[in-house]
Amino acid sequence: MPHWSTLIREIPDFPKPGIVFKDITPVLAEGAAFAAAIEAMAAPWRDTPPTAFVGIESRGFIFAAALAQALGTGFVPVRKPGKLPARVLHHDYALEYGKDRLEMHADALPPGARVVLVDDVLATGGTLRAAYALARAQGAEVLGAAVLVELAALGGRARWDHAVPLHVALPG
Ligand code: AMP
């Protein structure tokens, strides 16, 4: 069984010229690799688990939901605009390839919530910072963030200026 990290493949010029897309779907397709990747992402939080993993649409959902099941916690989605049915909070941010807005249900995090933010890939870090802002806007404690892989050249980790850890399962 190859190490899960060897299953991540790079697709040049997707979704537009000049972007090298990190495709994590082959990791998901191999049961043992998927389990090992989740274990690597879960390890830093096992001793003091959050009350919920906050997953960012759409690939962040996959990892956050699996982490929630692995550690017996809740899962809360952060979604693209117009997808969540109840009242939302929103936060605007810049992406490696464009601009976007993220939303979270305004009542998603109860008082005392302690959360870990989850995505698949860390690029510029704008997406994770937006999720951080949404969680803090509800008064949640953010224990940190967890991503599978980073594009180190894009400086997302350097721009993570919060005092809580940002764990990358496969550092770039
Ligand atoms: P950023 O906000 O720049 O850190 O971008 C991270 C978000 O965009 C994550 O949700 C990633 O899934 C996605 N993303 C950005 N760049 C890439 C890339 N080169 N390959 C795969 N996903 C990417």
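For the structure itself, consult the block above.
Right, let's walk through the structure included here.

1. Structural notes on the overall build of the protein
Within the protein, the regular secondary structure consists of four helices and nine strands. Secondary structure elements of the protein, listed N to C terminal, follow the sequence β-β-α-α-β-α-β-β-β-β-α-β-β. Expected size for 172 residues packed as a compact globule is a radius of gyration near 16 Å; at 15 Å, the protein falls within 12% of this value. If you line up the protein on its principal axes, its C-alpha atoms span 40 × 35 × 30 Å. Out of the 172 residues in the protein, the part that is buried amounts to 45%. The long-range share in the protein, meaning contacts at least 24 apart out of those at least 6 apart in sequence, stands at 56%.

2. Some details on the pattern of salt bridges
Inspection of the entire model under this criterion finds seven salt bridges. The closest approach of N and O atoms between Glu57 and Arg79, which form a salt bridge, is 3.0 Å. With a gap of 22 residues between them, Glu57 in the loop between strand 3 (52-56) and helix 3 (59-71) and Arg79 in the loop between strand 4 (74-78) and strand 5 (88-95) connect regions that are remote in the sequence.

3. Looking at the packing of aromatic side chains
Using the criterion set out here, one finds four aromatic pairs in the structure. Taking the centre distance of 5.8 Å and the plane angle of 85° together, the rings of Phe61 and Phe75 count as edge-to-face. Of this pair, Phe61 sits in helix 3 while Phe75 is found in strand 4, placing the two residues 14 residues apart along the sequence. The partly exposed category is assigned to Phe75, whose relative accessible area is 32%.

Quick notes on the rules
Residues numbered from 1 in each chain as written. Predicted model: local features only at pLDDT ≥ 70, side-chain atom pairs only at ≥ 80, totals over all residues. Heavy atoms only, no water. Helix = DSSP H or I, 4+ residues; strand = E, 2+ residues; numbered from the N terminus. Rg over C-alpha atoms; globule rule 2.2 N^0.38 Å. Buried < 20%, exposed > 50% of the residue type's maximum accessible area, 1.4 Å probe, protein only. Contact = heavy atoms within 4.5 Å. Salt bridge = Lys/Arg side-chain N within 4 Å of Asp/Glu carboxyl O. Phe/Tyr/Trp six-rings, centres within 6.5 Å; stacked < 30°, edge-to-face > 60°.

That is the geometry; function is a separate question.
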